[in-house]
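# Per-entry structural report
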Amino acid sequence: MKTISTARPLICSLVFVGGCASPFHASVDAAKYDKMSCVELNVAMGEVAKEMSATAITRGKVAQTKIPGWLWGGRRVASTVTARQSAKIEQLRQQEAAIAAVRRSKC
């Protein structure tokens, strides 16, 4: 019974993270950064960096989770969530590069 009680939070967290980790298909719109001031660009860069860090931490936690063998599909869910988080990090890197380019030319 102890195994089931410790597995319940794991299952709930994988379902929660898996459901919320939809892949980013949005492209980076550099035109919106052209309209921002230097202060706004700095704030946007900080927000992107914070989100990237949080996503990387989540990805690491999911990747390091010990999934019991009796949990059908658990490893597949974990690998899917990790892949989605990696895609989100890549999109955030592109966004950060776009902000940095505008900031270099403007500020």
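The text that follows walks through the structure, step by step, so that each part is easy to find. Everything numeric in this text was worked out from a predicted model, so none of it was measured. (Residues numbered from 1 in each chain as written. Predicted model: local features only at pLDDT ≥ 70, side-chain atom pairs only at ≥ 80, totals over all residues. Heavy atoms only, no water.)

## A word on the overall build of the protein chain
Within the protein chain one finds four helices and zero strands. Going from N to C terminus, the protein chain has its helices and strands arranged as α-α-α-α. Expressed as a percentage of the 107 residues in the protein chain, the buried residues total 28%. When contacts within the protein chain are restricted to residue pairs at least 6 apart in sequence, long-range pairs at least 24 apart make up 87% of them. Total accessible area on the protein chain stands at roughly 7200 Å², and carbon and sulfur atoms take up 60% of it. (Helix = DSSP H or I, 4+ residues; strand = E, 2+ residues; numbered from the N terminus. Buried < 20%, exposed > 50% of the residue type's maximum accessible area, 1.4 Å probe, protein only. Contact = heavy atoms within 4.5 Å. Areas by Shrake-Rupley, 256 points an atom, 1.4 Å probe, with all protein chains shown as cover.)

## Remarks on the environment of valine 81
Tracing the chain through its elements places valine 81 in helix 4 (residues 74–106). For the pair formed by valine 81 and threonine 58, sequence separation is 23 residues and the distance between their alpha carbons is 9.4 Å.

## Focus on helix 3 (residues 38–64)
An ideal rise of 1.5 Å per residue puts 39 Å on 27 residues; helix 3 measures up with 39 Å between its terminal C-alpha atoms. Within the span of helix 3, buried status applies to Leu41, Ala44, Met45, Val48, Met52, Thr55 and Val62. (Expected span 1.5 Å × (residues − 1).)

## Remarks on the nonpolar core
Judged by nonpolar contacts, Tyr33, Leu41, Ala44, Met45, Val48, Met52, Ile89, Leu92, Ala98, Ile99, Ala100 and Val102 together constitute the single largest core of twelve residues. Elements that contribute at least two residues to this core include exactly helix 3 and helix 4. Ignoring any residue separated from it by four or fewer positions in sequence, one finds methionine 52 in contact with Ile89, Leu92, Arg93 and Glu96. Of all hydrophobic cores here, the second largest spans five residues; its members include Ile67, Leu71, Ala78 and Val81. (Core = buried A, V, L, I, M, F, W, Y, C linked by side-chain atoms within 4.5 Å.)

## Some points on the pattern of salt bridges
Per the stated rule, a full pass over the model turns up three salt bridges. The salt bridge involving lysine 88 is made with glutamate 51; its shortest N-O contact spans 3.5 Å. Separated by 37 residues along the polypeptide, lysine 88 in helix 4 and glutamate 51 in helix 3 bring together distant segments of the chain. Judged by its relative accessible area of 33%, glutamate 51 falls in the partly exposed class. Arginine 93 is paired through a salt bridge with glutamate 90; the nearest N and O atoms lie 4.0 Å apart. Here the residue arginine 93 and the residue glutamate 90 both occupy positions in helix 4, the gap between them amounting to three residues, near one helical turn. (Salt bridge = Lys/Arg side-chain N within 4 Å of Asp/Glu carboxyl O.)

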